Amino acid sequence: DTEVTQTPKHLVMGMTNKKSLKCEQHMGHRAMYWYKQKAKKPPELMFVYSYEKLSINESVPSRFSPECPNSSLLNLHLHALQPEDSALYLCASSQERGSGGAKETQYFGPGTRLLVL
Amino acid sequence: AQKITQTQPGMFVQEKEAVTLDCTYDTSDPSYGLFWYKQPSSGEMIFLIYQGSYDQQNATEGRYSLNFQKARKSANLVISASQLGDSAMYFCAMREAYNNNDMRFGAGTRLTVKP
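Residues numbered from 1 in each chain as written. Chains lettered and ligands numbered in written order. Predicted model: local features only at pLDDT ≥ 70, side-chain atom pairs only at ≥ 80, totals over all residues. Heavy atoms only, no water.

A.B. asks: Honestly, the interface of chain A and chain B in this entry has me stumped. Any pointers?
C.D. replies: Note: interface size is frequently given as the accessible area lost on complex formation between the parts. Across the boundary between the two partners, chain A contributes 25 residues, which contact 20 residues of chain B. Here chain A packs against chain B, burying approximately 1,700 Å² in sum over the two surfaces, 53% of which is carbon and sulfur. Put simply, chain A and chain B have three salt bridges between them. Here Glu58 of chain A and Arg104 of chain B are joined by a salt bridge, their closest N and O atoms 3.2 Å apart. Taken together, the connections running from chain A to chain B amount to eight residue pairs in polar contact (both at pLDDT 80 or more). Sorting the residues of the side of chain A that touches chain B by element identifies strand S4 (31-37), strand S5 (44-50), strand S9 (87-94) and strand S10 (107-108) of chain A as the ones contributing at least two each. It is S4 of chain A that contributes the most residues to the side of chain A that touches chain B, three residues altogether. (Contact = heavy atoms within 4.5 Å. Buried area = accessible area lost by both parts, 1.4 Å probe. Salt bridge = Lys/Arg side-chain N within 4 Å of Asp/Glu carboxyl O. Polar contact = N/O pair within 3.5 Å; in protein donor to acceptor, adjacent residues only side chain to side chain. Helix = DSSP H or I, 4+ residues; strand = E, 2+ residues; numbered from the N terminus.)

Here it is in structure tokens:
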């Protein structure tokens, strides 16, 4: 089973709202990732958690706040977003990070399509 | 710095024929992994195939195979017997082991399978 789930599938929010995106995997993976993808572009890495610790923050604005409550869950808290933040947000997980090899294969969820008005 | 290049923005293939999607990469890391993903219009990134830099044989997964030419730094995806459901965006990606850079993706190739 290589399933990563994400909720919600779609989200519309105003610039003053606070919302959260959720991601869950039950594959025992120890690394989880958030990506942002604009239309017709490749995914851009935002955050990486390895063994529940934030290991990479790719200079993402503070209006995006990640949280990893446990090894199976990953949240992305959104606050005071801008219209240019509208995108597909993808969560992924991998067995490990840093070991190299096939265990680095990332499995993605279906994504959350976010529209900021 | 690692760099992934997909030079074909769009490709067309007739149903039941084979198609090759190109990917070249640049790295100074001797150990790395190469990945191909499929992204249908629904948005989900679907893992297709993996090739390690030290693997002696080309990877295969069902109708997908990877033409790995290490000296040329190319990792082309070959899809045999194309199906209408293969129409999607395809991304090549690389992860270096020692430089600890995270996975980076190429610009992608949009494949359209014609009936």
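A.B. asks: What exactly am I supposed to notice about the environment of Tyr49 of chain A here?
C.D. replies: Residues and elements named next belong to chain A. When you line up the elements, Tyr49 lands in strand S5. The buried category is assigned to Tyr49, whose relative accessible area is 8%. Among all residues touching Tyr49, those that are not within four sequence positions of it are Arg30, Ala31, Met32, Leu54, Ser55, Pro66, Glu67, Cys68 and Leu74. (Buried < 20%, exposed > 50% of the residue type's maximum accessible area, 1.4 Å probe, protein only.)

A.B. asks: Is there a simple way to explain the pairing of S9 of chain A in this structure?
C.D. replies: Along any regular strand, the residues point their side chains to alternate faces of the sheet. Residue and element names in this part refer to chain A. Along S9, eight of the eight residues are buried, which leaves the element largely enclosed by surrounding structure. Judged from the seven bridges that link them, S4 and S9 form a sheet pairing that is antiparallel. From the neighbouring strand, Gln37 faces S9, where its bridge partner is Leu88. Note: S9 against strand S11 (residues 112-116), three bridges, orientation antiparallel. Counted as the bridge partner of Ala87 is Leu114 from S11. Sheet topology places S9 next to S10; two bridges connect them, and they run antiparallel. Looking at the pairing, Ser93 lines up with Tyr107 of S10. (Pairing = 2+ DSSP bridges.)

A.B. asks: What's the story with the sheet that holds strand S3 (residues 18-25) of chain A in this structure? I'm lost.
C.D. replies: Consider a sheet: its strands pair through backbone hydrogen bonds, and that pairing is either parallel or antiparallel. Residue and element names in this part refer to chain A. Pairing is antiparallel across the open sheet formed by four strands, whose spatial order is S1-S3-S8-S7. Two strands lie at the open edges of the sheet, namely strand S1 (4-7) and strand S7 (64-70), each paired on one side alone. Recorded for the sheet is a direction-independent mean angle of 20 degrees between the axes of neighbouring strands. (Axes fitted to C-alpha atoms, helices over the stretch in contact; angles between N-to-C directions.)

A.B. asks: Quick question: what am I supposed to make of the pairing of S4 of chain A here?
C.D. replies: Residues and elements named next belong to chain A. Here S4 lies mainly inside the structure; seven of its seven residues are buried. The two faces of S4 match: Ala31, Tyr33, Tyr35 and Gln37 on one face and Met32, Trp34 and Lys36 on the other face are all buried. Here S4 runs beside S5; their pairing, made up of six bridges, is antiparallel. When the sheet's bridge partners are listed, Met32 is paired in S5 with Tyr49.

A.B. asks: Explain the state of the cysteines here, please?
C.D. replies: Here is the idea: a disulfide is a covalent bond, and it sits between the sulfur atoms of two cysteines. All names here are of chain A. With the rule as written, the count across this model stands at two disulfides over all chains. Across the disulfide, Cys23 is cross-linked to Cys91 (sulfur-sulfur distance 1.8 Å). Its S-S torsion of about -70 degrees marks the bond between Cys23 and Cys91 as left-handed, since a negative value means left-handed. You can see Cys23 sitting in strand S3 and its partner Cys91 sitting in strand S9, a full 68 residues away along the chain. (Disulfide = S-S within 2.5 Å.)

Geometric values such as these leave the question of function open.
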